[in-house]
Amino acid sequence: MNRLSPFNVVSLTFGFAFLYLPMLILVIFSFNSSKLVTVWAGFSTKWYGTLFQNEAFLDAAWVTLKVAVMSSTFATVLGTMAAYVLVRGGRFMGRTLFSGMIYAPLVMPEVITGLSLLLLFIGIGLDRGVMTIVLAHTTFSMCYVSVVVSSRLATFDRSLEEAALDLGASQFDAFRLVTLPIIAPAVISGWLLAFTLSLDDLVIASFATGPSATTLPMKIWSSVRLGVSPEINALSSILIGIVSVGVITASLMSKRHAVRVRREEQAAQRTA
Amino acid sequence: MAQTVFAPWDDPQQKPLIQFVGVTKRFGDFVAIDDLTQDIYEREFFALLGPSGCGKTTMMRMLAGFEAPTEGSILLSGQDIAGVPPNKRAVNMMFQSYALFPHLTVWDNIAFGLRRSDMPKDAIAARVEEMLKLTRLSKFGRRKPHQISGGQRQRVALARSLAKAPKLLLLDEPLGALDKKLRQDTQFELMDIQETTGTTFVIVTHDQEEAMTVASRVAVMDEGRIIQVATPEKIYEAPNSVYVADFIGDVNILEGTAKANGPESYAIDWGGAEPATATSARPFSDGQKAHLAIRPEKIAISAERPADAANAVQGKVLDIAYLGNLSTYHVELPTGQVIKAQSANTRRVSRRAYTWEDPVWLSWSATAGVLLES
């Protein structure tokens, strides 16, 4: 283990304080027994209790979850298909245009995406609600999925697919039995990315929704305008907890997998 | 019992398994294969040999069905296979990178092709076990490709491509990733397997030693054309051009003009003290430019001028390359030309007769060299 120089210790401290201090304060105050958010009055978990009795929050959480699961699934299917065609389709007419266009939503201001979707939904007379949020989220998150999957496909050994064809597999079987299992980690991380994007989106959801559906970020935003309540701190702490556990588990699993593969490769070389 | 020599290409009764008929392949402006016509026979071990970019891989990919010829046709057992997609051809390929499916076990890799056919389950299992046995992999069936060594992966790739008992097996630089020792062992294994299964093999390689070892016939390619097709012996002993002579093994080329001095015998004036004598079945007119190609091992080295040698020149030793079993002497002639002569180290090196700067005589017989047109 290397010892860090004082300079490095200082920059590390500042950097991480900048990133995590706000969240830390939020988590601490979620255990505050006082109703006043900025005054510490002792430890308590009562706000977590009242949170789970708050129907409005629970409803919003349920809507958010539904939207996130559906939109990230649709986005993964569409984004993977788009990536496959753009990377593997060869040099078909308009390929450069299409691959440029798939990245455009990444840089498009959310307000504009939201507004244009709103106009579209009104224009074709679609009733705004959960389904329109799902559509909107699918639209903007599929390009993220496509970026993640196409970078994996670009380094994918093409001869694997050719070998599958050579052994008698159809194009579809080659994709289903060889390509998809191998790029699965990229597809899954694309799904997770789309899921988190949908989970924390406020702007586009606000444009795309109607009175019948409220997502959690929208709910939090509207309650905060009436004043920050400790309940919201509790809710946010739970979200932070869920996300941290997810991220840590995923990275531990992929690290352990990499270590195992390396060890087995070394063992194979030794016994050869 | 005398064995009959395997040479279907000399038998006009034999029907070729594969026929390239006037095949041209262009990629944009680049001509990868240039009007190529070639037959390959059943049970042959046919090697395509050439530098990178000579079109050998393109030929193989056209056989596999990954590329289509721009002009001409390719026949497999007399049938044009132009419109047949790769997954419908009785042709399998072993890829240079092996292209093993990393998420499947060795067993499932070998079974992959069989499962794509309508073979019953127990027949698949029996066939996979047979292939594992053939390639000595029975212990490794349950392992994943990353859990076995490079040599074993190579054998899995071979087993997988042979599992469907193809009419034709294509091998794309199959031994390129192995180290030299393992490569030599594997070459003999490949030949054994080819003989046992009776499959026709077409191998692409840039390693001339490999092509010579395994192949029944070698095709030397350059810039989309086949320059010469012959058995390894003929390619080495009787190359048809300077390109082939130079590409296969080591060679000395003496450039000069030919003059007939007997039946099928010519004197070549190459600028040395006396003209070289060489026999040639190929006729040369007087004064015609000619290249005399002589292999280093066919040139003898001695301290005195040998009395009965047809050709002898004097020079001094410039360099000695010690290869263990052989030594190659680089001898500089008075003309400035450097000739390589090779001799077996039958004695210990400390007793070597010649060393640097020693004056020596080089000699070779009239039949040692091959006379080539320029």
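Residues numbered from 1 in each chain as written. Chains lettered and ligands numbered in written order. Predicted model: local features only at pLDDT ≥ 70, side-chain atom pairs only at ≥ 80, totals over all residues.

**Thoughts on the overall build of chain B**
From N to C terminus, chain B includes 8 helices and 20 strands. The principal-axis extent of the C-alpha atoms belonging to chain B is close to 75 × 50 × 50 Å. Across the 374 residues of chain B, 38% fall into the buried class. Partitioning the contacts of chain B with sequence separation of at least 6, the portion at a separation of at least 24 is 65%. (Helix = DSSP H or I, 4+ residues; strand = E, 2+ residues; numbered from the N terminus. Buried ≥ 20, exposed ≤ 12 C-beta atoms within 10 Å, placed from the backbone. Contact = placed C-beta atoms within 7 Å.)

**Here we look at the domain arrangement of chain B**
The parts lose accessible area when they come together, and the size of an interface is often stated as this lost area. Residues and elements named next belong to chain B. Split by domain assignment, chain B resolves into domain 1 (8–245) and domain 2 (250–373). Each of domain 1 and domain 2 has a C-alpha centre, and these two points are 39 Å apart. On the domain 2 side, the residues contacting the 5 residues of domain 1 number 6 residues. Of the residues that constitute the side of domain 1 that touches domain 2, the class distribution is 4 nonpolar, 1 polar and no charged. (Domains from an automatic or database assignment. Nonpolar A, V, L, I, M, F, W, Y, C, P; charged D, E, K, R; others polar.)

**Details of the pairing of strand β3 (residues 45–49) of chain B**
All names here are of chain B. Taken across its 5 residues, β3 has 5 buried, putting it largely inside the fold. The sheet contact formed by β3 and strand β8 (residues 200–205) spans 5 bridges and is parallel. Bridging from a neighbouring strand, phenylalanine 46 pairs with valine 202 of β8. Sheet topology note: the β3/strand β9 (residues 217–222) ladder contains 4 bridges and is parallel. Bridging from a neighbouring strand, phenylalanine 46 pairs with arginine 217 of β9. (Pairing = 2+ DSSP bridges.)

**Some remarks on the interface of chain B and chain A**
Each partner contributes to the interface: chain B provides 23 residues, whereas chain A provides 21 residues. Broken down by secondary-structure element, the contributors of at least two residues to the side of chain B that touches chain A are β6 (91–94), α2 (106–115) and α4 (150–162) of chain B. Considered class by class, the residues forming the side of chain B that touches chain A number 10 nonpolar, 11 polar and 2 charged.

**Quick look at the UniProt feature "domain: ABC transporter" (unreviewed entry) in chain B**
Here the UniProt feature "domain: ABC transporter" (unreviewed entry) sits at residues 18–248 of chain B. In this annotation, residues 18–248 of chain B is assigned 36% helix and 26% strand; the end-to-end C-alpha distance for the span is 25 Å. (UniProt positions renumbered as here; feature names shortened; annotations may be inferred.)

**Overview of the sheet that holds strand β10 (residues 225–230) of chain B**
Residues and elements named next belong to chain B. Pairing in this open sheet of 6 strands is mixed, and the strands run β6-β7-β8-β3-β9-β10 from one edge to the other. Among the strands making up the open sheet, the edge pair consists of β6 and β10. Each neighbouring strand pair of the sheet contributes to a mean axis angle of 20°, computed without reference to strand direction. For β9 and β10, the ladder comprises 5 bridges, and the chain directions are antiparallel. Across the sheet, the residue bridging to alanine 219 is valine 229, located in β10. Relative to the sheet, α4 contacts β6 and β7 (168–172), its axis offset from that of β6 by approximately 175°. (Axes fitted to C-alpha atoms, helices over the stretch in contact; angles between N-to-C directions.)

**Topic: the sheet that holds strand β18 (residues 338–344) of chain B**
Strand pairing in a sheet relies on backbone hydrogen bonds. The paired strands run either parallel or antiparallel. Residue and element names in this part refer to chain B. The 5 strands lie next to each other as β15-β19-β16-β17-β18, forming an open sheet whose pairing is antiparallel. Among the strands making up the open sheet, the edge pair consists of β15 (300–302) and β18. The average undirected angle you get between the axes of adjacent strands in this sheet is 45°. Pairing analysis gives 6 bridges linking strand β16 (residues 311–322) to strand β17 (residues 326–332), with the strands arranged antiparallel. Residue pairing for β17: tyrosine 322 is matched across the bridge by serine 327.

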